[in-house]
Amino acid sequence: FSASSQYQRRIVRSMLVFMGVFSFSWFLSNGAIHISFLIHDMDQTTVYTVYAYSLLPSLVCFSQSYYVHFAMSKDYRKAFLNSGIISCVRYAKRVCLYRPPSTISTSIDFNGRH
């Protein structure tokens, strides 16, 4: 296969994952709300709890771009790991673990002079 056809396949695969994640999280969110409508003997607190927690799958829809790109793209993963918080942590470890060579003289003058 040519490089452009492999690139197109990766794009199509990423788009399929995007659509799958979106559809699944949308289904979970709306399914929870509709099930709470079908069960008539639920108390009001339970209904409000179901509504509140039905937002969690919706949040996946809004943040899926990062996770899908991170999972599907080597270039994106490499760029993210080399920039941002991860690189700051790596730099901090390097600085904190770095021990400069000792500049203190260890020679002793036995004649009483310093």
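Reading the values: rules and limits
- Residues numbered from 1 in each chain as written.
- Predicted model: local features only at pLDDT ≥ 70, side-chain atom pairs only at ≥ 80, totals over all residues.
- Heavy atoms only, no water.
- Helix = DSSP H or I, 4+ residues; strand = E, 2+ residues; numbered from the N terminus.
- Buried < 20%, exposed > 50% of the residue type's maximum accessible area, 1.4 Å probe, protein only.
- Contact = heavy atoms within 4.5 Å.
- Areas by Shrake-Rupley, 256 points an atom, 1.4 Å probe, with all protein chains shown as cover.
- Patch = residues over 30% accessible without salt bridge, like charges linked within 9 Å, V, L, I, M, F, W, Y side chains within 5 Å.
- Salt bridge = Lys/Arg side-chain N within 4 Å of Asp/Glu carboxyl O.
- Lys, Arg positive; Asp, Glu negative; His and termini not counted.
- Charge placed at Lys NZ, Arg CZ, Asp CG, Glu CD.
- Phe/Tyr/Trp six-rings, centres within 6.5 Å; stacked < 30°, edge-to-face > 60°.
- UniProt positions renumbered as here; feature names shortened; annotations may be inferred.
- 1 Å grid on protein atoms, 1.4 Å probe; cavity = no way out; pocket = protein on both sides within 12 Å on 5 of 7 lines; lining within 4 Å.
- Points joined across faces, edges and corners; volume = space filled by probe spheres on them.
- Nonpolar A, V, L, I, M, F, W, Y, C, P; charged D, E, K, R; others polar.
- Expected span 1.5 Å × (residues − 1).
- Bend = angle between axes of the 7 residues up to and from the residue.

Draft legend 1. Expanded view of the overall build of the protein. Along the backbone of the protein there are five helices and zero strands. Ordered by position from the N terminus, the helices and strands of the protein form the series α-α-α-α-α. Sorting the 114 residues of the protein into buried and exposed places 11% on the buried side. Counted over contacts in the protein with a minimum sequence separation of 6, partners at least 24 positions apart contribute 53%. Surface exposure of the protein reaches about 10000 Å², of which carbon and sulfur atoms provide 67%.

Draft legend 2. Representation of a positive patch on the surface within the structure. Together, Arg9, Arg10, Arg13 and Lys74 give the surface a local cluster of positive charge. Take the positive patch: its biggest share by element is three residues, from helix 1 (residues 3–38). Inspection of the secondary structure assignment puts Arg10 in helix 1. Residue Arg10 is classed as partly exposed on the basis of its relative accessible area, which comes to 46%.

Draft legend 3. Structural view of a nonpolar patch on the surface. Taken together, the side chains of Tyr7, Ile11, Val12, Met15, Leu16 and Met19 define a hydrophobic patch exposed on the protein surface, amounting to about 600 Å² of accessible area. Position of Tyr7 relative to the elements: it lies in helix 1.

Draft legend 4. The arrangement of the packing of aromatic side chains in detail. All chains considered together, the criterion is met by three aromatic pairs. Look at Tyr66 and Tyr67: their rings are 4.9 Å apart centre to centre, the planes differ by 75°, and that puts the pair in the edge-to-face class. Classification of Tyr66 by relative accessible area gives partly exposed; the value is 29%. Taken together, Tyr66, Tyr67, Phe70 and Tyr76 form an aromatic cluster joined through their ring pairs.

Draft legend 5. Just the UniProt feature "transmembrane region" (unreviewed entry) in the protein, in detail. In the numbering adopted here, UniProt assigns the feature "transmembrane region" (unreviewed entry) to residues 16–39 and 51–68. With 94% helix and 0% strand, the stretch residues 51–68 has end C-alpha atoms that lie 26 Å from each other.

Draft legend 6. Region of the structure containing the layout of surface pockets. As a volume, the largest pocket reaches approximately 170 Å³. Forming the walls of the largest pocket are Tyr7, Arg10, Ile11, Ser14, Met15, Phe18, His69, Met72, Ser73 and Asp75. Taken together, the elements giving at least two residues each to the lining of the largest pocket come down to helix 1 and helix 3 (55–72). The class makeup of the residues in the lining of the largest pocket is five nonpolar, three polar and two charged.

Draft legend 7. How the structure looks around the side chain of Ser54. Looking at the secondary structure, you find Ser54 in the loop between helix 2 (44–53) and helix 3. Ser54 gets classed as buried once you look at its relative accessible area, which sits at 5%. The residues contacting Ser54, other than those within four sequence positions of it, are Ser29, Ala32 and Ile33.

Draft legend 8. Spatial organisation of helix 3. In this model, helix 3 (18 residues) spans 26 Å end to end at C-alpha, consistent with the 26 Å of a helix rising 1.5 Å per residue. If you look at helix 3, its biggest bend is around 60°, right at Ser63. Listed as buried for helix 3 are Pro57, Ser58, Cys61, Gln64 and Val68. Contact partners of the buried residues in helix 3: helix 1 and helix 2.

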